[in-house]
Amino acid sequence: MKRTAILLFASIALVAGCKQQQSPWGQGQGQVQGKGAPQVVAPPVAVMSADQIQQLDSLAKANPKNKDAWIAVGNAQMDAQQFAEAIVSYQRALDLDPKNADVRVDMGTCYRGVGQPERALSEYQKALRINDRHANAYRNSGVVLANDLHRNAEAAKAFQKYLEVFPGAPDTAQIKAEIEVLKASK
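Rules of the game
- Residues numbered from 1 in each chain as written.
- Predicted model: local features only at pLDDT ≥ 70, side-chain atom pairs only at ≥ 80, totals over all residues.
- Heavy atoms only, no water.
- Helix = DSSP H or I, 4+ residues; strand = E, 2+ residues; numbered from the N terminus.
- Buried < 20%, exposed > 50% of the residue type's maximum accessible area, 1.4 Å probe, protein only.
- Contact = heavy atoms within 4.5 Å.
- Areas by Shrake-Rupley, 256 points an atom, 1.4 Å probe, with all protein chains shown as cover.
- Expected span 1.5 Å × (residues − 1).
- Arc of directions from axis to C-beta.
- Polar contact = N/O pair within 3.5 Å; in protein donor to acceptor, adjacent residues only side chain to side chain.
- Salt bridge = Lys/Arg side-chain N within 4 Å of Asp/Glu carboxyl O.

> Would you explain the overall build of the chain in this entry?
When helices and strands are tallied, the chain shows nine helices and two strands. Overall, the chain shows an N-to-C arrangement of helices and strands of α-β-β-α-α-α-α-α-α-α-α. By residue count, 49% of the 186 residues in the chain fall in the buried class. For the chain, long-range pairs separated by at least 24 residues make up 57% of all intrachain contacts whose partners lie at least 6 apart in sequence. Entry remark: accessible area of the chain is about 9,100 Å², with carbon and sulfur atoms responsible for 53%.

Here it is, written out as structure tokens:
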């Protein structure tokens, strides 16, 4: 039961977070796909077509010093679950603006999407060095630490810090319950 709760939590926990400003966690809940594999990010309401993403990419390449263009491409690629491509686009944006904590968090989520949780955690930590009050960086760190790296004590601390930074979080009850599960499974 505890493992099922953690997997369910993971399926809704790592949301794109930074790139969508309507709510703190994006536009919906992640769903479990396949045989127990949690979805890395919640699917957006609308995903751009491959042609639309290619057009954005062409525009960014035509304006290579425009960080916002690279962020837009990365966001579209991330929404389409094209995580490896999004990492490249986000890195180009970070080459122009290395202190963009939101992009670092999104890139971290993409690293998780390509099966590199340590790199994901590293990006979240970089984001926190830029902005030590970045709620999504703490929350996503907790998800990776708990579900991918199985470092439950550290995950509980990350989730607790998330609640300190974002005391009115809409998922406060869920996060508190997850902290209790993590503490009990030491």
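> I keep staring at helix α2 (residues 50-62) and nothing clicks. Help me out?
Since one α-helical turn is 3.6 residues long, residues separated by three or four positions face the same way. Spanning 13 residues, α2 covers 18 Å between terminal C-alpha atoms, matching the ideal 18 Å at 1.5 Å per step. Burial in α2 covers these residues: I53, D57 and A60. The buried residues of α2 occupy one face: seen down the axis, they fall within an arc of 60°. For α2, exposure combined with an orientation more than 90 degrees from the buried face picks out D51, Q55, L59 and A62.

> Whenever I open this one, unusual backbone geometry confuses me. Can you help?
Unusually for a residue other than glycine, Q81 sits at a positive phi of about 65°. Counting through the fold element by element, Q81 comes out in the loop between α3 (67-79) and α4 (83-96). A positive phi angle is found at H150, which is not glycine, with a value near 55°. With respect to the helices, strands and loops of the structure, H150 is situated in the loop between α7 (135-148) and α8 (152-165).

> What should I look at first to understand the side chain of R112 in this one?
Relative to the assigned elements, R112 resides in helix α5 (residues 101-113). Within the structure, the side chain of R112 is placed 2.4 Å from the side chain of D148, a separation counted as a polar contact.

> Please clarify how the pattern of salt bridges should be interpreted in this entry.
For the structure shown, the criterion picks out nine salt bridges. A salt bridge links R104 to E123; the nearest nitrogen and oxygen atoms lie 2.8 Å apart. Note that R104 is positioned in helix α5 and E123 in helix α6 (residues 117-130), a separation of 19 residues in sequence. For E123, a relative accessible area of 3% translates into the label buried. Note that R151 and E118 form a salt bridge whose closest N and O atoms lie 3.5 Å from each other. One end of the pair, R151, is in the loop between α7 and α8; the other, E118, is in helix α6, and 33 residues separate them in sequence. Since its relative accessible area comes to 47%, E118 is described here as partly exposed. Each of R104, E123 and K126 takes part in one network of salt bridges that share partners.

Don't take any of this as a statement about function, it's just geometry.
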